[in-house]
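Okay, here's what each chain looks like letter by letter:
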Amino acid sequence: FWSNYRERFSGAAGELDFLPDCIAIMDTVAKKDMMLAGFPEKILRITGQPAFDHLSNWAEQNRATLRKDLRSVRGDKKGDYVILFASQPLAEFYGEDPEADGYLGFTQHTVLPSVLDALEQLAVRERCSIKLYIRPHPRERPEGYKKYKGSQHLSVEVSQLGEPKEAALAAELVIGMNTVLLVEAAIMGCRVLSIQPDLRGDDFLPFQRWGGATSVYDAEKIGPTLKDLFDE
């Protein structure tokens with residue numbers, strides 16, 4: 001993935017003490033960034049990312065069937081605008097204190113309320129039915145999301161039905177922060193929105209380099225961006 005290059009091969013002192021003879025990497029962007037991070041060029045080999053290579057064809061072959069089956073199991077109604085929120089335990093990994101080193105500028109519990117508020121306003125304004133499925137990360141407890149409630153216009157449900165890729169295919173829009181599921185969803189041709197308000201440091205998702213998704217770094221732009229994506 002396009003992040004934490006040095007951390008993967010460093011000891012406690014942060015030095016590249018654990019370099020193999022060869023490292024298989026995704027693309028020229030990763031090669032450039034790793035060389036800037038101190039990796040010797042001679043051990044870097046661009047191979048592509050095998051975990052991503054099959055996704056586009058797989059999605060094309062299974063999209064219609066998986067969407068129909070999963071929506072039927074969940075009880076989605078015709079006309080529902082279905083959104084998947086792909087969560088991550090960012091608060092647990094990077095902390096929640098804005099003054100602490102390593103804080104990203106946001107957590108799942110600052111982003112999700114903003115998303116819910118924006119979707120509520122959108123549902124009322126458009127007079128439509130929006131269903132938001134919160135997909136906890138494998139390292140998260142689903143119970144931690146039970147506090148997020150819907151309303152008359154916005155249905156909110158914590159769901160782990162289906163594989164993550166299947167849940168993405170069954171949605172009109174996939175929302176998240178910086179999870180790899182957003183990259184997978186974009187490769188599969190899904191409409192994708194990455195929300196990272198007040199991000200500190202660089203965005204390591206590849207969307208700004210090769211497109212395929214929309215990124216928001218200002219909380220005030222969440223609502224307008226969702227409206228634009230809804231109208232597409």
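Thresholds, definitions, all that
- Residues numbered from 1 in each chain as written.
- Predicted model: local features only at pLDDT ≥ 70, side-chain atom pairs only at ≥ 80, totals over all residues.
- Heavy atoms only, no water.
- Helix = DSSP H or I, 4+ residues; strand = E, 2+ residues; numbered from the N terminus.
- Rg over C-alpha atoms; globule rule 2.2 N^0.38 Å.
- Buried < 20%, exposed > 50% of the residue type's maximum accessible area, 1.4 Å probe, protein only.
- Contact = heavy atoms within 4.5 Å.
- Areas by Shrake-Rupley, 256 points an atom, 1.4 Å probe, with all protein chains shown as cover.
- pLDDT = per-residue confidence, 0-100.

Attention now goes to the overall build of the protein. Secondary structure assignment for the protein yields 10 helices and eight strands. Taken over the C-alpha trace, the protein has a radius of gyration of 19 Å; the compact-globule value for 232 residues is 17 Å, and the two agree within 12%. With respect to the three principal axes, the spread of C-alpha positions in the protein is 55 × 45 × 30 Å. By the burial criterion, 44% of the 232 residues in the protein qualify as buried. A separation threshold of at least 6 residues defines the contact pool for the protein, and within that pool the share at least 24 residues apart is 56%. On the protein, roughly 12300 Å² of surface is accessible, and the fraction owed to carbon and sulfur atoms is 48%.

This part is about the confidence of the model for the protein. Low-pLDDT stretches of the model should not have their predicted coordinates read in fine detail. Residues of the protein with pLDDT of at least 70 account for 100%, and the chain-wide mean is 93. Here helix α9 (residues 207–210) stands out as the least confident element of the protein, with mean pLDDT 77; strand β6 (residues 173–176) is the most confident, with 98.

What follows concerns the environment of proline 136. Residue position: proline 136 is located in the loop between β4 (130–135) and β5 (154–158). A relative accessible area of 5% means that proline 136 is categorised as buried. C-alpha of proline 136 to C-alpha of proline 89: the two residues are 47 residues apart in sequence and 8.5 Å apart in space.

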